[in-house]
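An overview of the molecular structure
Residue strings, one per chain:
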Amino acid sequence: MQIFKVGGAVRDRLLGKPVTDIDWVVVGATTEEMLAKGYRPVGADFPVFLHPKSGEEYALARTERKSGRGYGGFTFHASPEVTLEEDLIRRDLTINAMAEDDHGNLTDPYHGQRDLDARVLRHVSPAFAEDPLRVLRVARFAARYAELGFTVAPETLELMRQLSESGELEALTAERSWKEISRALMEDQPQVFIQVLRDCGALKVLMPEVDALFGVPQPEAHHPEIDTGVHTLSVLEQAARHQQPLTVRWACLLHDLGKGLTPKEEWPRHIAHEHKGLKLIKALNERFKAPRDCQELALLVGEYHTHGHRALELKASTLLELLQSFDVYRRPQRFEEFIIACEMDARGRKGLEQRSYPQADYLRGAATAARGIAVQPLLEKGFKGPGLGEAIKRERLKALKAYKEAAST
Ligand code: ATP
Ligand code: MG
């Protein structure tokens, strides 16, 4: 048997990038031989094994054929006769279809090295169209390597467009899609991911609510970039630039969805878009089964981001309601993420990226003031049950009034 390093490890070494996980392909071996050498099978009927010591993935060279809709609709054929070239041709991109032996010799039948040098993301063969997940993968790699100048080859984008129009994208499971989306959002340039999906028509299928934002104008006085889609991409870009977590990035992407619902006659104003957007945010959350913290933050940011921007003008009672809505007393971190998302929203405007955002510290101060009230004296006064809750609320309101007063002098 022969063992080769494949995929990302080869690609990233040639790019001079750090290699984190290594995938291996094994040519000329049977399942029985692998088991005899102590490799552990990953799934019952999938020819992938884990190395007994390193835990890295070793896959038997295989060919694949599409036999039905979606990812389940694949039959594969692994046998000692399958060659390295036959295994590499089933892979998505030429830059992911190179192999290296343990002397560092490259096998590159589909010219991945040439495409690496030319900074092109190009599909290996027409079989690319057999797995719709590849549309998301290519967009993700575009986001990851945008900084290096990579773009999607026109003929690959065309295939992605055909896949998007074919209805195949709908066959993807929420789990597979979310895995790609969440990884793509954590890249350095996640806005490129959304842009590439839009360029090939996949965004309209996967996230029509986001796609609908392009071409929707906002008032130029607040939004020099005008277009809501462009603004959304900038907010996401800012979130990545400031290295924010996935929760914040997801919330940034979804915060303005309500603007896509505004009747044209009302443009460029978007009255109550915060509230109108909630059902769209909910739909997207559920479509991709986003993790709970992502779902929650996206809904809260959607509903309250305008409050964030107006923080300094809010009445003490409105501030209190805001803090209560976030349950800031038990969930301080979530409120902090909300503040950051608001700041990214403000910075995601053309020419205003560097402008300071005093609302952030003001909101932090308000949270501290409300959380700082002493409960013990209230208990000593004999408050309990709902009465205690009311008394605490009154104290918090008092504290917020004092905070507001002090901040304005
Ligand atoms: P990363 O750095 O994100 O891990 P990677 O290229 O190693 O990038 P993996 O998901 O680990 O990506 O997959 C390893 C290799 O398997 C890829 O380089 C590619 O050759 C192949 N591959 C993975 N998923 C697919 C797919 N859906 N279609 C075709 N080939 C795939
Ligand atoms: Mg990998």
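Per chain, the residues get numbers from 1 upward, laid out in the order the sequence is written. All chains are assigned letters beginning with A, and all ligands numbers beginning with 1, in the order in which they are written. Per-residue local features are limited, in this predicted model, to residues with pLDDT of at least 70; the limit for side-chain atom pairs, both in listing and counting, is 80 or more; totals at the level of whole chains, interfaces and linings are taken over all residues. With hydrogens and water set aside, each side-chain value is computed from the structure's full complement of heavy atoms.

Spatial ordering of the open sheet is given by E3-E4-E5-E2-E1-E8-E9, a layout of seven strands whose pairing is mixed. Every interior strand has two partners, whereas the edge strands, strand E3 (40-43) and strand E9 (106-107), have only one. As judged from the two bridges shared by strand E1 (residues 2-6) and strand E8 (residues 99-100), these two strands associate in the antiparallel manner. Of the residues in E8, the one forming a bridge with Lys5 is Glu100. Whether two residues touch is decided by their heavy atoms; if any such pair falls within 4.5 Å, the residues are in contact. Geometry is summarised by axes, namely lines fitted to C-alpha atoms with helices restricted to the contacting stretch, and by angles between N-to-C directions that run from 0 to 180 degrees. Helix and strand assignments follow DSSP, with helices taken as H or I runs no shorter than four residues and strands as E runs no shorter than two, numbered in order from the N terminus. Packing against the sheet, helix H1 (residues 8-15) makes contact with E1, E8 and E9, and its axis sits at approximately 55 degrees to E1. DSSP bridges decide pairing: two strands pair if at least two such bridges lie between them.

Let us look at the domain arrangement of the protein chain. Reported domain spans reflect what an automatic or database domain assignment gives. We note that the domain assignment places domain 1 (1-112), domain 2 (119-206), domain 3 (228-352) and domain 4 (373-408) within the protein chain. The C-alpha centroid of domain 3 is placed 42 Å from the C-alpha centroid of domain 1.

On to the environment of Gly43, then. Looking at the element boundaries, Gly43 is found in strand E3. Note on classification: 1.4 Å probe, protein chains only; a residue is buried when its accessible area is under 20% of the maximum for its type, exposed when over 50%, partly exposed between these limits. Given the relative accessible area of 28%, Gly43 is considered partly exposed. A C-alpha to C-alpha distance of 41 Å links Gly43 and Phe338, two positions 295 residues apart in sequence.

On to the pattern of salt bridges. When the charged atoms of two side chains with opposite charge come close together, those side chains can pair. Salt bridges are counted wherever a side-chain nitrogen of Lys or Arg sits within 4 Å of a carboxyl oxygen of Asp or Glu. Taken as a whole and assessed by the stated rule, the structure comprises 28 salt bridges. In this structure, the salt-bridge partner of Asp131 is Arg176, at a minimum N-O distance of 3.2 Å. On the criterion of sequence distance, the pair formed by Asp131 in the loop between strand E10 (120-121) and helix H5 (133-145) and Arg176 in helix H7 (residues 174-185) is long-range, its members being 45 residues apart. The residues Asp131 and Arg176 share a single accessibility class, namely buried. Linked through salt bridges whose partners overlap, the residues forming this network are Arg62, Glu64, Asp87, Arg90, Arg91 and Arg134.

Only a single heavy atom is needed: when it lies within 4 Å of a molecule or strand, its residue is near that molecule or strand. Not every one of the 16 residues close to ligand 1 is listed here, only the nearest: Arg11, Asn96, Arg134, Arg144 and Arg183. Here a nitrogen atom of ligand 1 and a side-chain polar atom of Asp131 are 3.0 Å apart. We call two N or O atoms a polar contact when they sit within 3.5 Å, provided that within protein one can donate a hydrogen and the other can accept it, with sequence-adjacent residues counted only if both atoms are side-chain atoms. Taking Arg134, its side chain carries an N or O atom lying 2.6 Å from a nitrogen atom of ligand 1. Only the protein chains shown count as cover for residues, and all accessible areas are computed by the Shrake-Rupley method using a 1.4 Å probe. Taken by itself ligand 1 offers 580 Å² of open surface, and the protein chains cover 82% of this. For the shell around ligand 1, the element with the highest residue contribution is H5, accounting for five residues. In this classification, Asp, Glu, Lys and Arg are treated as charged, Ala, Val, Leu, Ile, Met, Phe, Trp, Tyr, Cys and Pro as nonpolar, and every other residue, Gly included, as polar. A per-class count over the shell around ligand 1 returns one nonpolar, three polar and 12 charged.

This part covers the pairing of strand E4 (residues 46-50). Both E3 and E4 contribute to a ladder of three bridges, which runs antiparallel. Each bridged residue has a counterpart across the sheet, and for Pro41 the counterpart in E4 is Phe49. Here three bridges tie E4 to strand E5 (residues 57-60), and the two strands are oriented antiparallel to one another. Looking across to E5, one finds that Phe49 is bridged to Tyr58. The turn joining E4 and E5, which pair antiparallel and follow one another in sequence, is formed by six residues; a positive phi near 75 degrees is taken by Gly55.

The subject of this paragraph is the pairing of E1. Relative to strand E2 (residues 23-27), E1 runs antiparallel, the two being bridged by five bridges. Looking across to E2, one finds that Gln2 is bridged to Val27.

Right, let's get into the packing of aromatic side chains. Pairing of aromatic rings covers Phe, Tyr and the six-membered ring of Trp, with a centre-to-centre limit of 6.5 Å; geometry is then stacked below 30 degrees between planes, edge-to-face above 60, and tilted otherwise. Across all of its chains, the model carries 10 aromatic pairs by this definition. Where Phe326 meets Phe338, the ring centres are 4.5 Å apart and the plane angle is 45 degrees; that geometry is what we call tilted. Here Phe326, found in the loop between helix H16 (316-325) and helix H17 (332-347), pairs with Phe338, found in helix H17; they are 12 residues apart in sequence, far enough to count as distant. Assessed through its relative accessible area of 0%, Phe326 is described here as buried. Three or more aromatic residues joined by ring pairs form one cluster here, namely Tyr304, Phe326, Phe335 and Phe338. Lysine NZ or arginine CZ positioned within 6 Å of the ring centre and within 35 degrees of the ring normal marks a charge as sitting over the ring. Its end group placed over the ring of Phe214, Arg198 keeps NZ or CZ at 4.1 Å from the ring centre.

Bringing unusual backbone geometry into the picture now. Among all residues except glycine, the phi angle is most often negative; among peptide bonds, the trans geometry is most common. Here Trp267 and Pro268 are connected by a cis peptide whose omega angle stands at 0 degrees. Relative to the elements of secondary structure, Pro268 occurs in the loop between helix H12 (246-254) and helix H13 (273-276). Positive phi values are uncommon outside glycine, yet Arg119 reaches one of about 60 degrees. The residue Arg119 is located in the loop between helix H4 (112-118) and E10 in this model.

Attention shifts here to H7. In an α-helix, one turn spans 3.6 residues; hence positions three or four apart end up facing the same way. Expected span of a helix: the number of residues minus one, times 1.5 Å. Between its first and last C-alpha atoms H7 spans 16 Å; for 12 residues at 1.5 Å apiece the expected length is 16 Å, and the two agree. Burial analysis of H7 places nine of its 12 residues in the buried class, which makes it a mostly covered element. Of all the positions in H7, only Ala174, Arg176, Ser177, Trp178, Glu180, Ile181, Ser182, Ala184 and Leu185 are classed as buried. Among the structural elements, H5, helix H8 (190-199), helix H11 (228-241), H12, helix H14 (278-287) and helix H15 (292-309) are those in contact with the buried residues of H7.

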